[in-house]
Amino acid sequence: MQSKINYFGLAGGIATIVLVDVSVFVPWWVLSVGQGLVKANVTPVYTDFNIVGNAFTVPLLLAMNVASVLFMTAGGVAILAYSVLPSKSYAKRLLGFGYSKPLFSLIVFVVLLVALQQILRMTVNLNVPLFGSATSVLPQSITSGTTVTLLMQAEFQWPFYLAIASAGLCLAARFYHKKIVSPVLTTAVSTLPTAGTSNAESKPI
Amino acid sequence: MNVFGAILAILNVVMILGPVAGVAVIYRDNLQQTVITPQIQDLITASGGNAVNGGSMDLFSGQGFALPQFVSATADVAARSVTLVVNFTNPFNYDLIVNSISADVVCVEHNFNLGYAVLVEPTNLPANQTADFNIACTWTQAAEDHFLTEHTGASSVAAEIVGLTANVNGITIQSDQAYPIGDLPISANIAPPTFVSATPDLAGRSVSIVFDFTNPFNTTLNLDSVSADIVCSQHGFTLGHASLANPVVIPPDATSRFTIICHWTADAEIHFAAQHAGATSIDVDVTGLTVSENGVTVVAPSSYHVPGVPLTG
């Protein structure tokens, strides 16, 4: 049998592993209020907040970050393993397990960001930008009637775009899989006995 | 194959639920702390809020956050302005930068708009420290008329600021509250220095001239700069430039004495030789006497005549 490698999967797997590593140090999304008065560094694998010099993490978020690290790392390793052995019988299960992890993380990250933005807009009328800058007025119920206007700046950093690329590569690996297994199947089918024999080992994968 | 698929499915569940379950177990006695940690609770408490206990969080009424305190005020009559010194204690573990402050200044007694106040320059307030910053209040002609008609003879007027707008670290704070800023010194009773005596120093070719100056304010003045020109009374020729001999501190509402020294210039020596040959003394005028203290500049409206300054021993 001819040896095949799913290069999309290989690239996607490496990108996913690299993404997990760099995301610990470089956030996907940064929100800054005022001149650094409040700062939030957000990634699926690490999140921290700094409010007037007090840095803190939220345990529940930390747990979700740890889950994301495991989730994405497992996905990256699975798709790497699949990529070098795409013809193995368990390859499709590895692919199915791995390719969706970066995409799923990216979608959940964006959905949660948008949801948080909308919740803040609806509950306290706070207009938090997803990117660029915006001014917003704090509810006077928490400011003793004083009008407090916040200048907020947000931006997606390069790991976010790496996450998109990683998800794209993994998705491409999923589609490319059909192309690299079809010739194998063709070859396998052509070598099978024509009738009356078991075809258990040549099930499409 | 089914076993492998099942293992992967279980792995999926364990990876997602495992850490969350772990945190839930760690904080099982108080699940609220999985989101609102003691650190966040302290932050909310420090800012005066009780949102966690069902109340409303209030960022500006906490004990840790105090409004700026009035320290002193000085007037610059020529510029129609008063510079207020206020201090503020930064309660945060974070340097604050006050970029701008602006407000209207109002006479408390008559609710009359006296002018406006602005921050002199952006000021850094280091974390957990108290720092002073200067606010310049500029009053209008209408305010001067108000002083003359409603506060005749007064040396100060009780004032407050309204419509306060401040920008701290890029956050703009606007308040409709009125903040008392104490008694503002006003220009009505600022008197120019009075001449006392003149003493020549023949060896140093200079003259020392003594003045009295009354501090009309209820705050200590640091007299740190005085300048004047010394002019020949007979010919109007400038003989030299005088400056303060030593810095002087003038207590509130007190009169203190200061000395200025003028060294004759080379041109003055030529003038003496050419125009006052054989004279043993000369009459001079002290002109443009300018006194500066605590940012207050007072220019004497007229010159001071000093007769009989000796030229020879």
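### A word on the overall build of chain A
Right, on to step 1. When you go through chain A residue by residue, the secondary structure sums to four helices and six strands.
Right, on to step 2. The buried share among the 205 residues of chain A stands at 43%.
Right, on to step 3. The long-range fraction of contacts in chain A, counting pairs at least 24 apart against all pairs at least 6 apart in sequence, stands at 59%.
Right, on to step 4. Of the roughly 10,100 Å² that chain A leaves accessible, carbon and sulfur atoms contribute 67%.

### Brief notes about the interface of chain B and chain A
A common way to state how big an interface is: give the accessible area lost once the parts meet.
Right, on to step 1. In this complex, chain B contributes 40 residues to the contact, which on the side of chain A involves 39 residues.
Right, on to step 2. Each partner contributes to the roughly 3,400 Å² buried at the junction of chain B and chain A, and carbon and sulfur atoms together form 67% of this total.
Right, on to step 3. Joining chain B to chain A, the criterion identifies zero salt bridges.
Right, on to step 4. Our count for the chain B to chain A interface comes out at four residue pairs in polar contact (both at pLDDT 80 or more).

### A few points about the environment of T57 of chain A
Right, on to step 1. Assignment of secondary structure puts T57 of chain A in the loop between β4 (54-56) and α2 (59-84).
Right, on to step 2. Aside from chain neighbours lying at most four places away, what touches T57 of chain A is T47 and D48 of chain A together with T37 of chain B.

### With respect to empty space enclosed by the protein
Residue and element names in this part refer to chain B.
Right, on to step 1. Under the definition given, this model contains two cavities of 30 Å³ or more.
Right, on to step 2. By volume, the largest cavity amounts to about 70 Å³.
Right, on to step 3. Lining of the largest cavity is provided by eleven residues; of these, V105, L114, C137, W139 and L184 occupy positions nearest its centre.
Right, on to step 4. Elements represented by at least two residues in the lining of the largest cavity include exactly β4 (112-119), β6 (130-139) and β9 (179-185).
Right, on to step 5. Along the lines of polarity and charge, the residues of the lining of the largest cavity split into nine nonpolar, two polar and no charged.
Right, on to step 6. In this model, the second largest cavity occupies a volume close to 30 Å³.
Right, on to step 7. Lining the second largest cavity are P200, D201, L202, R205, S206, W264 and P310.

### Concerning helix α1 (residues 7-25) of chain A
Residues and elements named next belong to chain A.
Right, on to step 1. In a regular helix each residue adds 1.5 Å, so 19 residues correspond to 27 Å; α1 covers 28 Å between its end C-alpha atoms and thus fits that length.
Right, on to step 2. Within α1 the residues assigned to the buried category are G9, G12, G13, A15, T16, L19, V20, V22 and S23.
Right, on to step 3. Its side-chain oxygen 3.2 Å from the backbone nitrogen of F8, N6 forms the N-cap of α1.

### Notes on the packing of aromatic side chains
Right, on to step 1. Evaluated as defined, the whole model comprises twelve aromatic pairs over all chains.
Right, on to step 2. Ring centres of W28 of chain A and F160 of chain A lie 6.3 Å apart, and the angle between their planes is 65 degrees; this geometry places the pair in the edge-to-face category. Here W28 of chain A is found in the loop between α1 and β1 (29-33), whereas its partner F160 of chain A is found in helix α4 (residues 158-191), with 132 residues between them in sequence.
Right, on to step 3. By relative accessible area, W28 of chain A is classed as buried at 1%.
Right, on to step 4. Ring geometry for F211 of chain B versus F258 of chain B: centroids 5.6 Å apart, planes at 20 degrees, classification stacked. With F211 of chain B in strand β11 (residues 206-214) and F258 of chain B in strand β15 (residues 255-263), the pair connects residues that are 47 residues apart, well separated along the chain. Grouping residues by exposure puts F211 of chain B and F258 of chain B together as buried.
Right, on to step 5. Each residue in the set W28, F109, F131, F156, F160 and Y161 of chain A is aromatic and connected to the rest through ring pairs, giving one cluster.
Right, on to step 6. Taking NZ or CZ as reference, K101 of chain A lies 3.8 Å from the ring centre of F97 of chain A, over its face.

### Quick notes on the nonpolar core
The tendency in soluble globular proteins is for nonpolar side chains to be buried as a group.
Right, on to step 1. Counting residues in each nonpolar core, the largest one holds 58 residues, and the members touching the most others are W29 of chain A together with V105 and I135 of chain B.
Right, on to step 2. L221, L239, I250 and L311 of chain B belong to the second largest nonpolar core, which has 30 residues in total.

### Here's the deal with a nonpolar patch on the surface
Residues and elements named next belong to chain A.
Right, on to step 1. The grouping of I5, Y7, V84, L85 and Y90 at the surface amounts to a nonpolar patch, some 430 Å² of accessible area in total.
Right, on to step 2. Within the secondary structure, V84 is located in helix α2.
Right, on to step 3. A relative accessible area of 39% means that V84 is categorised as partly exposed.

### Concerning the pattern of salt bridges
Residue and element names in this part refer to chain B.
Right, on to step 1. Counted according to the given criterion, the structure contains one salt bridge over all chains.
Right, on to step 2. Of the charged contacts in the structure, one is a salt bridge between R257 and D212, with a shortest N-O distance of 2.8 Å. Here R257, found in strand β15, pairs with D212, found in strand β11; they are 45 residues apart in sequence, far enough to count as distant.

### Digging into the side chain of S23 of chain A
Residue and element names in this part refer to chain A.
Right, on to step 1. Residue position: S23 is located in helix α1.
Right, on to step 2. For S23, a relative accessible area of 2% corresponds to the buried category.
Right, on to step 3. A distance of 2.6 Å separates a polar side-chain atom of S23 from the backbone oxygen of L19.
Right, on to step 4. A distance of 2.7 Å separates a polar atom in the side chain of S23 from a polar atom in the side chain of W28.
Right, on to step 5. With sequence-adjacent residues up to four places away left out, S23 is seen in contact with W28, T43, V45, Y46 and P159.

### Points about helix α3 (residues 91-124) of chain A
All names here are of chain A.
Right, on to step 1. Compared with the 50 Å implied by 1.5 Å per residue over 34 residues, the 49 Å span of α3 between its first and last C-alpha is a close match.
Right, on to step 2. At K101, α3 is bent by approximately 35 degrees, the largest bend along its length, and proline P102 sits one to four residues beyond.
Right, on to step 3. Along α3, the positions that sit buried rather than exposed are A91, L94, L95, F97, G98, K101, P102, S105, L106, F109, L113 and Q117.
Right, on to step 4. Positive phi appears at N125, one or two residues downstream of α3, with a value of about 55 degrees.

What counts and what doesn't
Residues numbered from 1 in each chain as written. Chains lettered and ligands numbered in written order. Predicted model: local features only at pLDDT ≥ 70, side-chain atom pairs only at ≥ 80, totals over all residues. Heavy atoms only, no water. Helix = DSSP H or I, 4+ residues; strand = E, 2+ residues; numbered from the N terminus. Buried < 20%, exposed > 50% of the residue type's maximum accessible area, 1.4 Å probe, protein only. Contact = heavy atoms within 4.5 Å. Areas by Shrake-Rupley, 256 points an atom, 1.4 Å probe, with all protein chains shown as cover. Buried area = accessible area lost by both parts, 1.4 Å probe. Salt bridge = Lys/Arg side-chain N within 4 Å of Asp/Glu carboxyl O. Polar contact = N/O pair within 3.5 Å; in protein donor to acceptor, adjacent residues only side chain to side chain. 1 Å grid on protein atoms, 1.4 Å probe; cavity = no way out; pocket = protein on both sides within 12 Å on 5 of 7 lines; lining within 4 Å. Points joined across faces, edges and corners; volume = space filled by probe spheres on them. Nonpolar A, V, L, I, M, F, W, Y, C, P; charged D, E, K, R; others polar. Expected span 1.5 Å × (residues − 1). Phe/Tyr/Trp six-rings, centres within 6.5 Å; stacked < 30°, edge-to-face > 60°. Lys NZ or Arg CZ within 6 Å of the ring centre and 35° of its normal. Core = buried A, V, L, I, M, F, W, Y, C linked by side-chain atoms within 4.5 Å. Patch = residues over 30% accessible without salt bridge, like charges linked within 9 Å, V, L, I, M, F, W, Y side chains within 5 Å. Bend = angle between axes of the 7 residues up to and from the residue.

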